[in-house]
Structures are given as C-alpha cells and as structure tokens.
Amino acid sequence: MDLLPTSEQDEIVSTVRAVLADRHQLGEPLGDELWSAAAEQGWFLIGLPESAGGVGYSIIEESLVMRELGTACAPGPFLATVLAAHVAALAGNAELTAAIGAGSHRVALAERLDPERFAVQDLPGASLVLVVDEAGIRVVDAAHVSASAVDSIDELVPVAYTDGAITGEPLAALSGDDAIDVLLDGALLVAAGLAGLAEATVTQSVAYGKDREQFGQPIGAFQAVKHRCADMATRAEIASCQVAYAAITRRDRRDDAAFHVDAARIVATRAAIDNSQINVQNHGGIGFTWEHTAHRFVTRARVWSLRLGSSASHQSSLLARSAAD
Amino acid sequence: MDLLPTSEQDEIVSTVRAVLADRHQLGEPLGDELWSAAAEQGWFLIGLPESAGGVGYSIIEESLVMRELGTACAPGPFLATVLAAHVAALAGNAELTAAIGAGSHRVALAERLDPERFAVQDLPGASLVLVVDEAGIRVVDAAHVSASAVDSIDELVPVAYTDGAITGEPLAALSGDDAIDVLLDGALLVAAGLAGLAEATVTQSVAYGKDREQFGQPIGAFQAVKHRCADMATRAEIASCQVAYAAITRRDRRDDAAFHVDAARIVATRAAIDNSQINVQNHGGIGFTWEHTAHRFVTRARVWSLRLGSSASHQSSLLARSAAD
Amino acid sequence: MNLDFTPDEDAFREEARTWLAEHLPAGPRPPEGDEMRAFDLAWQRTLYDGGWAGINWPVEFGGRGLTDIQQMIWYEEFARAEPPFTLNNSCTFVGNNHGGPTLIVSGSDEQKAFHLPKILRGDVVWCQGFSEPGAGSDLASLSCRAEIDGDELVVNGQKIWTSYAHVADFQELLVRTDPSAPKHKGISWVICDMRTPGIEIREITTMSHVNDFCEVFYDDVRIPLTNVVGQINDGWRTAMSTLSFERGTAFMADQVELAAVVERLIDEARTRTGPDGRRAAIADDEIARRLATARAEVTALRAMTIAGISRVLRTGVPGPEGSMVRLFHGELHQRVYQLALDIIGADALRLTSIDGHGNWTGPYLQSFAYTIGGGTTDIQRNIVGERVLGLPRV
Amino acid sequence: MNLDFTPDEDAFREEARTWLAEHLPAGPRPPEGDEMRAFDLAWQRTLYDGGWAGINWPVEFGGRGLTDIQQMIWYEEFARAEPPFTLNNSCTFVGNNHGGPTLIVSGSDEQKAFHLPKILRGDVVWCQGFSEPGAGSDLASLSCRAEIDGDELVVNGQKIWTSYAHVADFQELLVRTDPSAPKHKGISWVICDMRTPGIEIREITTMSHVNDFCEVFYDDVRIPLTNVVGQINDGWRTAMSTLSFERGTAFMADQVELAAVVERLIDEARTRTGPDGRRAAIADDEIARRLATARAEVTALRAMTIAGISRVLRTGVPGPEGSMVRLFHGELHQRVYQLALDIIGADALRLTSIDGHGNWTGPYLQSFAYTIGGGTTDIQRNIVGERVLGLPRV
C-alpha cells in the first residue's frame, strides 16, 4: 500500500508541469502550441491501454495530468477530449481514437440541462462534441450541434446553449455499464482538476502572505491570514489524497471505486470553491481586480464543479452506497 | 421608532440583574429565595394586563426578564411558569393566575415527543405542568403526570419521559388561536433566553481574553481569539436586536409579529449554540472542566433551543410566510 | 421601545413613494463613462429639484435636516420602487456620503459655500483618494507626499481603488504632509481638483467586469493650501469623521437592497427546479433552511440598524452596532449570492450583469468586494474586538 | 500508487481478526478508579500474551517491529470487532504511545531495560506531566521547577490535564532545570515515580462528566538524576520527539473509530424521524448532505493518513500531512457529533455515557476535547501555517 506517486508518475507530473510552464500563461486562452504539445506528450490517450491504441498507462496518470491542468488553471477542452478518446476506444472506433490522440480534434462538452436544452462548453474551435444525457455518452460531429453563445462566467471557457436536442449519427456511443464506467472516470478527472485548482490557490495565497506587508508585517504573520491559509492547505491536501486513493480504486476496478470517486468529488469541490473564494479575500483589493489572476480560480472552480454532475448529486449517490470496505 | 429600552424598562432590567446577582450563583440550582423574589418582583405576571390580574406591562418587559434569566444562565421553570400564567389568565382562571403570580406553583414543561410520549422538564418540585401538544396548551396538576427521570444533558434542568399520554382534567386550557397566541409569546421568550445566553458567553470569553496570558500576551490580542470574540459579539447583538424588534411587534399585535418571532428564534438559536461552543474553545482546557461554568451555557443553549419547537420548525414556518412589510 | 412612525414620518414615506413613482428614471443606467456620469448627475439634479437631496444634511447647508429614520424610510421606498440602479453604486455617492459630510463637519465657510451646493445640485462628481498600493488595511501608512511650496501643496505619489476618478471633478485626498511625524500625525485631508495638471488616471477592471475603479498618479500636482480641510497634519482625524459617517447611515441603502434580493431569491427558488432535478428548489430542505436563515438574518440586520439609529437619535453618538452591521452585512451579502449560485445550478455558467433582477452570477462576482472594500473583514473584526470589546492589541 | 496489501499484511489482518474475535473482553469497561486500571492493564496483558503489544515497536525492545500499515490494520480490525472501549481512552495509552516511544528514542539502556517490558506487559500505567495552569498553548513557558541536589532533582510546582495520574505508576514529566536559560533551553524530561513522597493528586471532572484528568502538585519531590531521559536541559527536544510520534500513528485509532461512528450515525438517521416529524431523518436533504459530507471527509481523512504512512515508509520522515490530519480530525469529530445532535432532535435532552453505540450526547460533550487537548486548533493552525507553509511569525 502506497498512496504516493511512483518515480515514473513523478516524472510524468514534472513533464506536464514543464510543458505547461512553457506553453501556458495563467489567464491566457488555450494556444495551439500547448494543444500540439499535449498530443505529442500523449495526454489524450495516456490512460488507455496499448491494445486500444493508448499510451498504456492508467486512470491514475490521467488524473495526475488533469490535476496539473487544474493547478495551472489551463483552459481548453482537455476533459472532454480525454473522455471522447475513452468513448471512441471502448466503442471500438480505433480510427477516431487515434485522431483524438493525435490532437486532431478539440472536443466540446455538451451536458443536458433540461429535456430540450444542452449547455455546451468550449464549442468554438471544436470539431467534435461529447454529449452526455440520460441515454449515455456519445461523440458527435460538431456540425450537428447548433448552439447560441452566451457570456460565460469564465471568460476562457466559452458557453453556449442549444435550443433543442442534439441529434445526428454519433461517431461513437456508449450506454449502460460502459457509459457509467466512462462517467465514473470523468467524475474522478473532474475531482482531480478541482483538487489542482484548490492546490494552486494555496500557493498563491501563501506567496502573497509572505510578500505583502501591512502594519510593518508580512500579512501572513497575522493569524487571520495564516489560519485561513492553513485551512486552505488542509482542504487541498485532503482533496488530493482522496483523488489519489479513488484513482487507484478505479485502476484496480475495486468494488468500492464508485464510493471513493463520490467522496473525492465532494471534498475536491468544497476545496476548490472555498479555497478560490478565500484566496481572493486574502489578496484584498488587488485580488478583486481583473488583472490579478485570483478570480480565474473562482470562476474555473465554478465551471469544473458543474461538470458531469454536481456535488449534491455525488452526495446523494454516496449516501445511497454501502459503506466502503 | 426606537428599539432601545425606555428608562423604565432599563430599570426593570437593572432590578432583575440585581436580584439575580444577589440570589443566584452560576452553576447552582434554583434556590427558594430566588423563586420568592421573582414572585415578589412580579416576574411571573409582568406581561399580563392589570385587568387579568397582571402587573400591567407587556411581552416586551417579559422578554427582558427572560433575557436576563438567560444571561445569568439561571435554571428553574421560569418559562413554563410565565406561560402557565398566560394560559390561566386567557382561560379566565383568575385564582390560578394569582396563585402562579404569587410563586405558589413551579410549573414543569411537558412537550410531546411522539404520540405516546412527552419529555418533561423541571418536574421535580413542580406542582403544575404546562402541557403542549397538537390539541393546544393546558395546565394540569403535576399529580396527573407520571414520568421517569433520565439523566439530563443539563444537570440543572431535570428531564423525565412519560410512557403515555398526559390525561386528567386541566386547570386551564387553550386551543385554536388562543393557544397559537401563547405559543408565539412562548417562542419569543425562548428567543430572549437564547439571546441572553449568547450575550453572557461574549462577556465570559472577552474577560478571559483580557486576563489569560500565553506567549507573553493576553490571548485576546491574538487574532484567532479576537476575531472569534468579534463574531460572537455580533451574533449576540443581532439576536438581541431582533428579539427586541419581535417583542414590539407582539405587544402591538402587528400582522408581521409571527414573521419576526420566527426570525428572532432562528438568529438567537444560532447565536446561543455557536457562541456557547466557541466560548469553551476560547477557554482551552479550563473551559472543558466541570468546575468552570463555560459548559453550563453549552448545555443550557441546547435545552432552550429545543423548547417550543426547533430552529428547523421556525425556518420552515418563516419561509412559508409572506415577506414582512 | 416602539416601531411607530410619527405622523411626519408617515407623511414623509407617502410623499417619497408618490414622488418616486413619478420621477424614478426608467433606466437602464449606462454602464460606463460620460453617459453614466450624466445619468447619475441627472438623477441627483432630479432629487434636488424634488427636495430629496441631502435628506439628513443640516438645513443650513441646503439639506432637509431630517433624521436617520427618514433617511431609512427613503431607502426603503427607493428599494420598493424597484429602481434600475443601486444608490451606493452611483458616482454621486462619495459627494453625498463622504466629501459633503466631511466638509459639513470640518470644512471652512468658503469650502462649504463653494462645494456643498454643487454636490447637492448634481453639478459635480467627487471621488475618494485614500488607499494606496502600499496602504490598504494599514491606511495610515500612506505615502503619497505633499510638500508646501508657497501657498500651494505639491503632490507626488499614487492612489488606488478610487471609484469614478475618471469622471470626477473633485477628490477627497489624503496626503502625507509631515513624513517625520508618527504615521497618524503627518497626514492632511485636501480637496483636489481632478483637472489639475499632473494627474494621470488609469482605469482598473474588476473581476466582476466593472471598470469604475481607478489608479490615480500625481506628478507635481499643485493644490492651493486653502483646499486643506481641517488643520494641516490633522487629516487623519478629519478622515475618521468621514469614515464613521460612512459606517453609519451610508450603508443602510445596501441593507435595504439586500433584503429585496433575498425576497427575489426566494421567488427564484419557488420557480426553479432544485438539485434533485424534480422538485422546485425551495422544496429542498437544505436550500429552504438557507433561504429562511438568510431571511431571518437580513431581518435581524435591519433590527440592528434600527437599534443603531435609535442610539444616535438618543445620544448623538453611534453605538457598537455600526462596525458589527458592516461586518455582518458584508458576509451575509456574500452568503446570499453563494446560495443563489447553488440554487441556479448549471445556469451559474452564464455570466450576467452585476445588477438587474434575476441576475445572479454578476452580483456573485461583485459580492467579493463587500468583505474587502472600505476595510476588509479582518480589519472590521479587529475594530469590533478592540474598540467595542476592549480586547488588547498585540 | 497502490492499495494492495502484501501477503504478510493480509495474513496479519486475518490473524488479528481471528484473535480479536476470541479475546476481546466483553466489557463494559469500568468507568473509574482501580477497576478501570485493572481492566485496561488486563487487556494490555492479554495483548502481550497474544503477541499484539508494541506492534510497531522495534523487535529489540520487545515489539513486533511491524510497519505503520500493520498498525493501521490492527486499528481497523479492532474497530471492526466493535469493542466496548476505545483504544485512545485507555490508561495504557501514554505508556504505549508517548512514554515508551520516547524511551526507545532517547532513553538510556538501563531505562529501556527497566521500563519497556513493564509497559508492554501491562504491569504499569504511565501518565503525562507536560501542561501547567500557566503553560498550555505556550507549553515551553512551563515553570515546574527542579533543582539538582546531589544526585537527585527536587521538584516543586504543578501540572494539569494529566490523564490517569490517580492510577499511574510513572509519569513523563517536564521540569525547568535551568531558569536562566531561554525558555526552550532549560527544560528536562524526567521519569517520575508517582509513589514518591510529596506528590498530591486532585481529580478534575470534565464537562463530559469524566474524571480521568488530574492536577498534580509537587512538594520537594525527589527524583534520581538517573531518571532524566536524554540530556539535562535538553528535555524540549526529547519532548518534541514524543509529540511528533503522537502526531503520527497514535491518532489513527481515533480516525478509524470516527469512521465507524459516521456509519452508525447514518444508520441512526435511517431509523429516526427527521426534523419534519414525518419522514426519516435521512430523507431530509440537509441532513443527508451533511451525512454524505461527513462520510466523504472521514474517507478522505483516511486517504490523507495513508499518504502520511506512505511518506514515512519511503523516507522515514513524516510529511506535512501529520499536523493537517490532527487539525482536520479534531474539527470533523466535532461536526459529526453536532450533526448527531441535530439528528436526534429532542432526545438531545438526555445525557448518555461518553461511549457506547447509539449514545450521542455524552460523546458530543466529550468532542470539545478534540480541538483543545494536545494543542488547540489555534496552535495546530499556527503549526501548519508556519512549519508546513513557511508563513512568518509576528
């Protein structure tokens, strides 16, 4: 039993960080360079077995990548693209899997809001759309999806609403247990992204607490700030640990995986939303400005928290389960 | 419009405080002396009109007395005794009203737990019992009430459970609107008691924060303690203000009285429970001892918070009402 | 203890309600620039013409000399009229609630005579130049420098978080006139004409997509010494009188608005589907309790404010309620909008304007200002702990 | 990253489960005095005889030399067996988790040889003499004085919050041996025989009606200098090694127990009527979410603990998780019992024992200790802020 990353996993994380440090600037939109690098690095297929055309790692490495994307607050349709690859692979569409893996498709995320309406994230520039509804999960050509853009709470995550159902023959589709399986991985990846966001706000608040002086002291010397930072760090750490635990249960197909994914989602959502809000407070006036990046975490945490179900839906399903062994 | 007590009301408060300071020791059970003084001072009939044999003040003065009893953390069946006088007076039983006013009766409080069980507070030494159930509110002879004592969470508020309904001819009984009326006054008096408890914990924490030194400082100089005290004071103040507002609406029979009593009950419950808990924390180890009085507020707040409905029941009824004007 | 309004107060309310029904502009308020300024000043002029400017200003300075109760009645009637803008967001706010009142308390006769009528009539916009990049919570450490040169002050330095500087005529400006004195002792409060050469203004956009905040840079800005309000080097005391004004009635409008917001949110929860996707949001026990608690808290906040008014009316001195009102209101405001986001569910993806009924995400982002602006909640808690409760400083 | 147990670990679990089924005492544990002591020591002796004493103690000192993972497995199996008492409440806790481990790290060969077997065998009870009335959060300011007189220390002063002093044989005692040194430098860690003349013990009753805490008074208590553990005046470092042990695995038992409590509370909510008086408590959306959150948090806490074990196994050094585990656990423990009180409604009037299934009010009162004992949450947050995050001290 060992919850810490292996040295190989540590290396993957280092590489992801290096790529992001190099090709992503917090607050800037997704650049083509980052997308190409992601494809080259195999991020889109990292969790798929080689037999399915994947890189041959597991959901663990996938979640580590997603966590780093959260930590960097990187925009872009990474989540839906990774999940579309899962759908394509599981549906046996090797060609589509390979194309997604090569970075040829940006995949928007369409989730059903009510019987006749979908909210679609990251539609501009997307060639495919991952559609999630009661029927299951499927990948369709973006040409089938007509949706009106609205202002998004997060400038870097475009949002649009359809005014009808999404029809058109899917390129790959899953239902039943297969769909549940992919959605479980998806929920875990969302938790990983949220845990990353939570962690990044700790870094930001602590750095500011050491740097900013008032009343002749770095503000981090004041208990009000120090204790908020301690709570933020604790929330972030507990979220990361539970995400790691849940990722292992998923890789190993353990019976209690769904239980642990629910738990991860609940604590990671709380960590990301609370931390991002408190991070603004810790920064005072400067944190309230558009120029500062603190608000990016607030709105990104809201967006991630609404992907593939809400915290409330995971609370409801967690409570309905038997106790973990 | 003036929410502050009049000088006459201030005097009533001063007198109550003086009597309590003289005849009540925090942590000690109710003494006969205090009970006699309460009768002499007219506390049991203070809110009843002279025409009903009362002192001729209003629910405002009644709530001020109850708030002081909370502030002093005084045990004893004051609430049920005052309400029994209301019931007797409204039911036209002048003799009973006068006897209660004279301090001849200690009145226990019996509230229905489930169809066949009542929880009875302050039964030992009580000659009457105020019974609250779906049928209304009534006063019965304590001889009719057989209940088994259990350990109480609050050593100074004895608790017993009946193992059946409470029967026997009531000495006075109200149903319908009259019962609702008395219960509304009762809910307000509970809020007043809770507001008093909340306020007393502020006094205790602030005194300790000034006195106790660690790391070469009075602990109240540390923001962790100081800010908790500031929040406690704010909760207590807001509870007291809303209790005062609600009391005026009751005295003046305003349409929005029930709305304001619900609101008072909600903020006062939160203030008393949160403050009493945090007060223990502020005191550290010494606050966890039986000898220190901090725990008295914790358990008393729990007991008061369960009298005449819970905070949840008031939340439910407040939300069902129209907005206050 | 009574909640009765006097016949005068009742008449005042009736008068206000009738007048508002006839004169409230239809809106919407232009979101920026000269159009916004013109809208706000036109409304101030309308108020002035209608006799509603300076309700609680003394009569001798053009006000109506009425009580805080009448001021509160005005705010309540204003909120009831469902206006298309919020009072505290107007660019006339500083003149009406900071600059003007400070001149009334500390200004010279000439200063009063020149400025007060312009403020009331809606001729001018005032802004506030207090905070600096290095002096936020620790305002008294401000370093914007003013040296006396003949009968002028020469100002060099920077201010920040100056709302509406870009459309303002005058600024209440705190400058350090004696750098050798202890930090609270060498500060002066001066009136700065925003058209003086050497002033450069840069707008700051907020996380809520508003750009009313500005940075102001001063490069050898010359201000006549006659523009000093109160004594030179005594500006901290002058400023504190403004701030205590600010902590009093100026925030009643916010509270009244928040109460209206809670009612709208309850309505919203009645019509929207809740977290389970089946029942109305208000049928969800958790949401219902949070709504009920918000309703109770905003109601109790009003009671605390009225207690404060009562104390001022009786004693002339604000009680401990003031700083508590500020602290409680800021956090309650945030809780309400956080609850709103939980109620609207996936609709939280959509950004809305910061005001307007049925808009929740814009106001949610704006709500972060309520525990930062005008002194963070950390500072408010220090004030309650130290000044109200008498707890020691480290 | 893996959650797999080795065959050894699986075998260990199986062995523990079987053994516990056969040997766990039926209880109940006597609530006080000599009977309680005898019960706890008998259980320790049973553990010893069964080979379960000192699971993670080194083999050379009579332990089994197993890993923290096996220690955790033991706690999990113990909790699963639904024991009639809690491990951390035993009067053998200090010996097993503080005194013994400190001797292992810092004791002389003679000290180890004399004391460690007695602790493991259940011959003796140890207690802790660290806190004083004037030295709680600020432990290093302790003033209990020990002067060297020949080959003895003469101790005068007072200790407080000493659990089980009234039934203890030995005490790990911190005394000030050099009052002129800086406060962390003049402290020594000594073994005090509780039967030495001059010791007076007074029991303290807690708000949860327990009287295991004691005050201990020392009046010219003579302790041989050979009882100093580590170097004289170096006791702060000796104590810190104990405390870091305390912050590690010693609290795993509490966490495992809390997880079981959450499951019992979920069951309780399924059978009880909820706040509306009609449906089961678990059908109430607010209660359901708070239960689900508690379940998620206690699960995540276990993950954080395992991360800590993983780090120790790999590097030999505890990571930042330790102090966070402590902080999070204490507050979660309180939240769980506060939730329990909301679930049981009017039954909160009835006081129960502090342990035993289906008892909630006693444990609620006891839960206040979890954010105070062993360093308040304020101190824990300082530790996380300063030592883990590197934030400055004032």
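Conventions used here
Residues numbered from 1 in each chain as written. Chains lettered and ligands numbered in written order. Predicted model: local features only at pLDDT ≥ 70, side-chain atom pairs only at ≥ 80, totals over all residues. Heavy atoms only, no water. Pairing = 2+ DSSP bridges. Helix = DSSP H or I, 4+ residues; strand = E, 2+ residues; numbered from the N terminus. Axes fitted to C-alpha atoms, helices over the stretch in contact; angles between N-to-C directions. Left-handed = near helix turned anticlockwise from the far one by under 90°. Contact = heavy atoms within 4.5 Å. Buried area = accessible area lost by both parts, 1.4 Å probe. Polar contact = N/O pair within 3.5 Å; in protein donor to acceptor, adjacent residues only side chain to side chain. Nonpolar A, V, L, I, M, F, W, Y, C, P; charged D, E, K, R; others polar. Buried < 20%, exposed > 50% of the residue type's maximum accessible area, 1.4 Å probe, protein only. Expected span 1.5 Å × (residues − 1). Domains from an automatic or database assignment. Salt bridge = Lys/Arg side-chain N within 4 Å of Asp/Glu carboxyl O. Phe/Tyr/Trp six-rings, centres within 6.5 Å; stacked < 30°, edge-to-face > 60°.

J.: Is there a simple way to explain the sheet that holds strand β5 (residues 147-150) of chain A in this structure?
T.: Sheet strands pair by backbone hydrogen bonding; their relative direction is either parallel or antiparallel. All names here are of chain A. The sheet built from 7 strands is open, its strands ordered β5-β6-β2-β1-β3-β4-β7 with mixed pairing. Looking along the sheet, the strands with just one partner apiece sit at the ends: β5 and β7 (172-174). Pairs of neighbouring strands in the sheet enclose a mean axial angle of 25°, with direction left out of account.

J.: Which parts of the structure should I look at to understand the packing of helix α1 (residues 7-23) of chain D against helix α3 (residues 68-80) of chain D?
T.: Working note: a packed helix pair is described by the angle between its axes plus the distance between those axes. All names here are of chain D. Viewed as axis vectors pointing N to C, α1 and α3 meet at an angle of 30°, and their least axial separation amounts to 9 Å. Regarding α1 and α3, the two cross each other, and that crossing is right-handed. Contact residues: Asp8, Glu9, Phe12, Arg13, Ala16, Arg17, Trp19 and Leu20 in α1; Ile69, Gln70, Ile73, Trp74, Glu76, Glu77, Phe78 and Arg80 in α3.

J.: Help me understand the interface of chain A and chain D in this model?
T.: By a frequent convention, interface size equals the accessible area lost on bringing the separate parts together. Chain A puts 48 residues into the contact, and the matching count from chain D is 47 residues. Among the residues chain A hides against chain D, the three largest losses belong to Met1, Leu4 and Leu319 of chain A. Together they make up 21% of the total. Where chain A touches chain D, the interface holds 20 residue pairs in polar contact (both at pLDDT 80 or more). Of all the secondary-structure elements, those providing two or more residues to the side of chain A that touches chain D are α6 (176-211), β9 (217-218), α7 (223-251), α8 (257-283) and α10 (311-320) of chain A. When residues in the side of chain A that touches chain D are grouped by element, the largest group, 17 residues, is from α7 of chain A. Within the side of chain A that touches chain D, the residues separate by chemical class into 25 nonpolar, 13 polar and 10 charged.

J.: How should I be thinking about the pairing of strand β3 (residues 128-133) of chain B in this particular structure?
T.: In the case of a regular strand, side chains alternate between the two sheet surfaces. Residues and elements named next belong to chain B. Among the 6 residues that make up β3, 6 are buried, leaving the element largely enclosed by the rest of the structure. Burial along β3 is two-sided: Leu128, Leu130 and Val132 facing one way and Val129, Val131 and Asp133 facing the other are all buried. Bridge analysis of strand β1 (residues 107-114) against β3 gives 5 bridges, and the strand direction is parallel. Opposite Glu111, over in β3, you have Val132 as the bridge partner. Here β3 folds back onto strand β4 (residues 136-141), and the loop between the two strands holds 2 residues.

J.: Got a minute to help me understand helix α3 (residues 59-71) of chain A in this structure?
T.: Residues and elements named next belong to chain A. Over its 13 residues, α3 extends 18 Å from the first C-alpha to the last, a length consistent with the 18 Å expected when each residue adds 1.5 Å. Among the 13 residues that make up α3, 12 are buried, leaving the element largely enclosed by the rest of the structure. For α3, the secondary structure elements touched by its buried residues are α1 (7-23), α4 (78-90), α6, α7 and α9 (294-305). If you check the start of α3, you find a side-chain oxygen 3.0 Å away from the backbone N of Ile60, and it comes from Ser58. Looking at the residues trailing α3, positive phi occurs at Cys73, about 55°.

J.: I tried to follow the interface of chain B and chain D on my own but got confused; where do I start?
T.: Taken residue by residue, the interface counts 35 residues in chain B and 38 residues in chain D. Roughly 2,900 Å² is buried in total at the junction of chain B and chain D, and carbon and sulfur atoms are behind 64% of that figure. Run the count over chain B and chain D and you get 15 residue pairs in polar contact (both at pLDDT 80 or more). Contributing elements (two or more residues each) for the side of chain B that touches chain D: β2 (117-121), β6 (159-162), α7 (223-251), α8 (257-283) and α9 (294-305) of chain B. The element best represented in the side of chain B that touches chain D is α9 of chain B, accounting for 5 residues. When grouped by side-chain class, the residues that make up the side of chain B that touches chain D number 17 nonpolar, 12 polar and 6 charged.

J.: Explain unusual backbone geometry here, please?
T.: Negative phi values dominate among residues other than glycine, just as trans dominates among peptide bonds. Residues and elements named next belong to chain B. Despite not being glycine, Phe215 shows a phi value in the positive range, around 55°. Inspection of the secondary structure assignment puts Phe215 in the loop between β8 (213-214) and β9 (217-218). Its identity is not glycine, yet Leu308 carries a phi of approximately 50°, on the positive side. Here Leu308 falls in the buried class, since its relative accessible area comes to 9%.

J.: I keep staring at the domain arrangement of chain C and nothing clicks. Help me out?
T.: All names here are of chain C. Taken as a whole, chain C is organised into domain 1 (7-90), domain 2 (126-234) and domain 3 (248-388). The interface is formed by 9 residues belonging to domain 1 together with 6 residues belonging to domain 2. Around 530 Å² of area is buried between domain 1 and domain 2 when both sides are counted, 40% of it from carbon and sulfur atoms. When residues of domain 1 are sorted by the area they lose upon contact with domain 2, Glu32, Met36 and Arg37 head the list and together hold 65% of the total. The interface formed by domain 1 and domain 2 includes 1 salt bridge. Its salt-bridge partner being Arg37, residue Asp169 comes within 2.9 Å of it at the nearest N-O pair.

J.: Please explain the domain arrangement of chain A as it appears in this structure.
T.: Residue and element names in this part refer to chain A. You can read the domains of chain A as domain 1 (7-174) and domain 2 (177-324). The straight-line distance from the C-alpha centre of domain 1 to that of domain 2 is 20 Å. For the pair domain 1 and domain 2, the summed buried area comes to about 2,900 Å², and 71% of that belongs to carbon and sulfur atoms. Seen at the junction of domain 1 and domain 2, the total is 3 salt bridges. In this structure, the connection of domain 1 to domain 2 is made through 9 residue pairs in polar contact (both at pLDDT 80 or more).

J.: Explain the sheet that holds strand β7 (residues 172-174) of chain B to me, please; I cannot follow it from the model alone.
T.: Residue and element names in this part refer to chain B. With mixed pairing, 7 strands are arranged side by side in an open sheet as β5-β6-β2-β1-β3-β4-β7. The open sheet has two edge strands, β5 (147-150) and β7, and neither has a second partner. Looking at each pair of strands side by side, their axes are set apart by 25° on average, direction ignored. Note: β3 against β4, 6 bridges, orientation antiparallel. Looking at β4, one finds that Val129 is bridged to Val140.

J.: I keep staring at the packing of aromatic side chains and nothing clicks. Help me out?
T.: Residue and element names in this part refer to chain D. One pass over the full model with this rule turns up 40 aromatic pairs over all chains. Judged by centre distance (5.7 Å) and plane angle (35°), the rings of Trp126 and Phe170 are tilted. Pair noted here: Trp126 is in strand β1 (residues 126-129) and Phe170 is in strand β4 (residues 170-176), with a separation of 44 residues, a long-range link. The two residues Trp126 and Phe170 agree in class, both being buried. Where Trp161 meets Phe213, the ring centres are 5.7 Å apart and the plane angle is 70°; that geometry is what we call edge-to-face. Of this pair, Trp161 sits in the loop between β3 (152-159) and β4 while Phe213 sits in strand β7 (residues 213-224), and the two are 52 residues apart along the sequence.

J.: How should the packing of helix α3 (residues 68-80) of chain C against helix α7 (residues 252-271) of chain C be read in this particular structure?
T.: All names here are of chain C. Here α3 crosses α7 at 40°, and the two axes come no closer than 9 Å. Considering the relative orientation of α3 and α7, their crossing is right-handed. Residues Asp68, Gln71, Met72, Tyr75, Glu76 and Ala79 of α3 touch α7, and the partners they reach there are Met252, Ala253 and Val256. Split into classes, the residues belonging to the contact of α3 with α7 amount to 6 nonpolar, 1 polar and 2 charged.

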